[in-house]
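# Descriptive structure summary
Here are the chains, one letter per residue:
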Amino acid sequence: MEVVIASSAVDAGIGCWELHSGAERHQYRSCSSAPHGLLSVSGRFVFLAASQLRDAPSATSAPIFFWSWDKPQVEVRSFPAEPIGPLISNAEGTYIIGGGSSGSIYLWEVFTGKLLKKWHAHYRSVNCLTLAKDDESLLISGSEDGSVKVWSLIMLFDDIAMASAANHYIYSFSEHSLGVTDIVSGHGLSNSIIISSSQDRTCKVWSLSKGELLRNILFPSVIDAIAMDPGEHVFYAGGRDGKIYIAALNAEGNPNSPYGVFILDTLYDQSKGITSLALSKDGFSLVSGSEDGFVRIWNTITKQFTRVFKHGKGPINNVVIARQSPLCSSALANKKHSTLPLPPPLSKYTDSADGQVKTTAVTMVESPLHGHQNTRFLSADVMEKLIQELQNRNTSSAAEMELEKLRLQYARSVHLIEQQKKLYEDMQSVYVSELLD
């Protein structure tokens, strides 16, 4: 089951509806989210996180809130060192990455809340973040300074490589003349593409293998949100003029288009500016959020909207599609433990000299599972200890956690294989290029 989650820059909470039936699922309170600041951790029903706008322009920080799926109130509040805008997590939900107003990027471990890495990435605020879809070893960031940078997460944690490298990033694209508003990544490991949108009214398509611009598309309006078709034939671009433009990637261009050769068509319903877009996993449903406070569901085949949700009083600035996790559904079905435990607050600083983590974060609610953490956030050694403890108690949870551990080990093995494939493809590309030259 897929659900649509939407939030606003004003304190209108978070709305949640079933994508296909339209039934309202939940309403979450006390949320004034930043653009790209709403996150369903791991893309499933694990928990919600949202970066908050600062209370006043002079404020030096703003909190990050966590919600359980079945409770409307904020349960964990974290206070990072500076206001955080965009938030993303990896597919397993083991870490969260946030972009700061100073241009710094923060990477936290979910299970411990520990700040593992902080680095200065851009000259101005980080506006958007995404991970490479296939192996998630690459992080792509877009900034108010107009640049798009590609980072290797493996390299960022390799002190020797960092010390010897001339630049800590793999690529830095600076062809946008104004701030970057959104970024999406395609499939294909090192051969994948990146699409970035900007306030300069362009969307640019970049090659990850060559590190160069493949296509530049000029739009009639500023584009604030983009979503890529799963087949990567087209992408959708939400404009401030209220139109959703359908632009060609692999599809043939339309020389007769009134908007430009690469803009094939539009979706339009007299709405105000489009602020956010999300595509369902099958690519048949496109969700748009707009400044008029409505969330619209579009059929990408018929190009007509099929459903409209009204959210609160303010404009929408985030829409997310989440899928139900088997772990969450089994936990919610357990009457004794009706909710999943939330992780601890996110640390404010990395480890200090005395080895202690400084933090000003405050946990608001005790975990209802008596210290039993969600297995999606556990490292292997911690999970092993929990399994042993549960086995000693002769509980069925031990078998469930053992199965979850095997799933995680399988996912990590696949991840390692994909990394090796990527290295092989990179080496092959280099050697072939040298031979051809």
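Bear in mind the structure is a predicted one, so any value in this text is a computation, not a measurement. (Residues numbered from 1 in each chain as written. Predicted model: local features only at pLDDT ≥ 70, side-chain atom pairs only at ≥ 80, totals over all residues. Heavy atoms only, no water.)

## What to know about the overall build of the chain
The number of helices and strands found in the chain is 5 helices and 29 strands. Buried positions account for 52% of the 437 residues belonging to the chain. For the chain, the proportion of contacts with a sequence separation of at least 24, taken over those separated by at least 6, is 48%. Total accessible area on the chain stands at roughly 19700 Å², and carbon and sulfur atoms take up 52% of it. (Helix = DSSP H or I, 4+ residues; strand = E, 2+ residues; numbered from the N terminus. Buried < 20%, exposed > 50% of the residue type's maximum accessible area, 1.4 Å probe, protein only. Contact = heavy atoms within 4.5 Å. Areas by Shrake-Rupley, 256 points an atom, 1.4 Å probe, with all protein chains shown as cover.)

## Digging into the packing of aromatic side chains
Inspection of the entire model under this criterion finds 13 aromatic pairs. Here the aromatic rings of Trp 17 and Phe 309 are separated by 4.8 Å at their centres, their planes lie at 5°, and the arrangement is stacked. Taken as a pair, Trp 17 in strand 2 (residues 14-18) and Phe 309 in strand 27 (residues 304-310) lie far apart in primary sequence, 292 residues in all. For the pair Trp 17 and Phe 309, a shared accessibility class is recorded, and that class is buried. Ring centres 4.9 Å apart and planes at 55° place the aromatic pair Phe 47 and Phe 66 in the tilted group. Highlighted residues: Phe 47 in the loop between strand 4 (33-40) and strand 5 (48-52) and Phe 66 in strand 6 (residues 64-67), separated in sequence by 19 residues. Taken individually, Phe 47 and Phe 66 each receive the classification buried, so the pair is uniform in this respect. Each residue in the set Phe 219, Phe 235, Tyr 245 and Tyr 259 is aromatic and connected to the rest through ring pairs, giving one cluster. The lysine or arginine in question, Lys 243, covers the ring of Tyr 268, its NZ or CZ lying 4.6 Å from the ring centre. (Phe/Tyr/Trp six-rings, centres within 6.5 Å; stacked < 30°, edge-to-face > 60°. Lys NZ or Arg CZ within 6 Å of the ring centre and 35° of its normal.)

## Describing unusual backbone geometry
Even without being glycine, Glu 136 reaches a positive phi, approximately 60°. In the Ramachandran plot, Lys 303 falls in the positive-phi region, its phi being about 65° despite a non-glycine side chain. When its relative accessible area of 34% is taken as the criterion, Lys 303 is described as partly exposed.

## Overview of the sheet that holds strand 23 (residues 263-267)
What the 4 strands build is an open sheet, ordered 20-21-22-23; its pairing is antiparallel. Both outer strands of the open sheet, strand 20 (223-228) and strand 23, are each paired with one neighbouring strand and no more. Direction aside, the axes of adjacent strands within the sheet are offset by 25° on average. Pairing between strand 21 (residues 234-239) and strand 22 (residues 244-248): 5 bridges, direction antiparallel. The residue bridging Gly 238 from the neighbouring strand is Ile 244, located in strand 22. (Pairing = 2+ DSSP bridges. Axes fitted to C-alpha atoms, helices over the stretch in contact; angles between N-to-C directions.)

## Some words on the confidence of the model for the chain
Across the chain, the average pLDDT comes to 82, with 79% of residues at 70 or higher. In the model, residues 352-383 has pLDDT below 50 throughout and makes 81 contacts with residues more than four positions away in sequence or in other chains. (pLDDT = per-residue confidence, 0-100.)

## Notes on the sheet that holds strand 1 (residues 2-8)
Across the sheet, 4 strands lie side by side as 3-2-1-28; this open sheet has antiparallel pairing. Here the strands that pair on one side only, and so sit at the sheet edges, are strand 3 (24-28) and strand 28 (316-323). The mean inter-strand angle of the sheet, taken between neighbouring strand axes irrespective of direction, is 20°. Relative to strand 2, strand 1 runs antiparallel, the two being bridged by 5 bridges.

## Considering the pattern of salt bridges
A side chain of one charge can pair with a side chain of the opposite charge when the charged atoms of the two come close. In this structure the tally under the stated criterion is 5 salt bridges. Note that Asp 224 and Arg 240 form a salt bridge whose closest N and O atoms lie 2.7 Å from each other. Residue Asp 224 is found in strand 20, and its partner Arg 240 is found in the loop between strand 21 and strand 22; the two are separated by 16 residues along the sequence. Given a relative accessible area of 13%, Asp 224 falls into the buried group. Its relative accessible area of 42% is what places Arg 240 among the partly exposed residues. For the salt bridge of Asp 269 with Arg 296, the shortest nitrogen-to-oxygen distance reads 3.0 Å. Of the two residues, Asp 269 is situated in the loop between strand 23 and strand 24 (274-279) and Arg 296 in strand 26 (residues 294-299); the sequence distance between them amounts to 27 residues. According to the relative accessible area criterion, Asp 269 is partly exposed, its value standing at 22%. For Arg 296, a relative accessible area of 7% corresponds to the buried category. Residues participating in the shared-partner salt-bridge network are Asp 269, Asp 292 and Arg 296. (Salt bridge = Lys/Arg side-chain N within 4 Å of Asp/Glu carboxyl O.)

## A word on the nonpolar core
Ranked by size, the top nonpolar core spans 17 residues in total, and within it Phe 47, Ala 49, Ile 64, Phe 66, Leu 87, Ile 96 and Trp 108 carry the most contacts. Put simply, the parts of the chain that give this core at least two residues each are strand 6, strand 8 (84-89) and strand 10 (104-109). If near-sequence neighbours (up to four positions away) are discounted, Ala 49 is found in contact with Gly 37, Leu 38, Leu 39, Val 41, Phe 65, Phe 66, Trp 67 and Leu 87. (Core = buried A, V, L, I, M, F, W, Y, C linked by side-chain atoms within 4.5 Å.)

## Focus on the layout of surface pockets
Reported here for the second largest pocket is a volume of approximately 590 Å³. Mapped onto the lining of the second largest pocket, the elements with two or more residues apiece are strand 4, strand 8, strand 9 (95-100), strand 12 (126-131), strand 16 (180-185) and strand 28. Class assignment of the residues belonging to the lining of the second largest pocket gives a composition of 11 nonpolar, 13 polar and 5 charged. (1 Å grid on protein atoms, 1.4 Å probe; cavity = no way out; pocket = protein on both sides within 12 Å on 5 of 7 lines; lining within 4 Å. Points joined across faces, edges and corners; volume = space filled by probe spheres on them. Nonpolar A, V, L, I, M, F, W, Y, C, P; charged D, E, K, R; others polar.)

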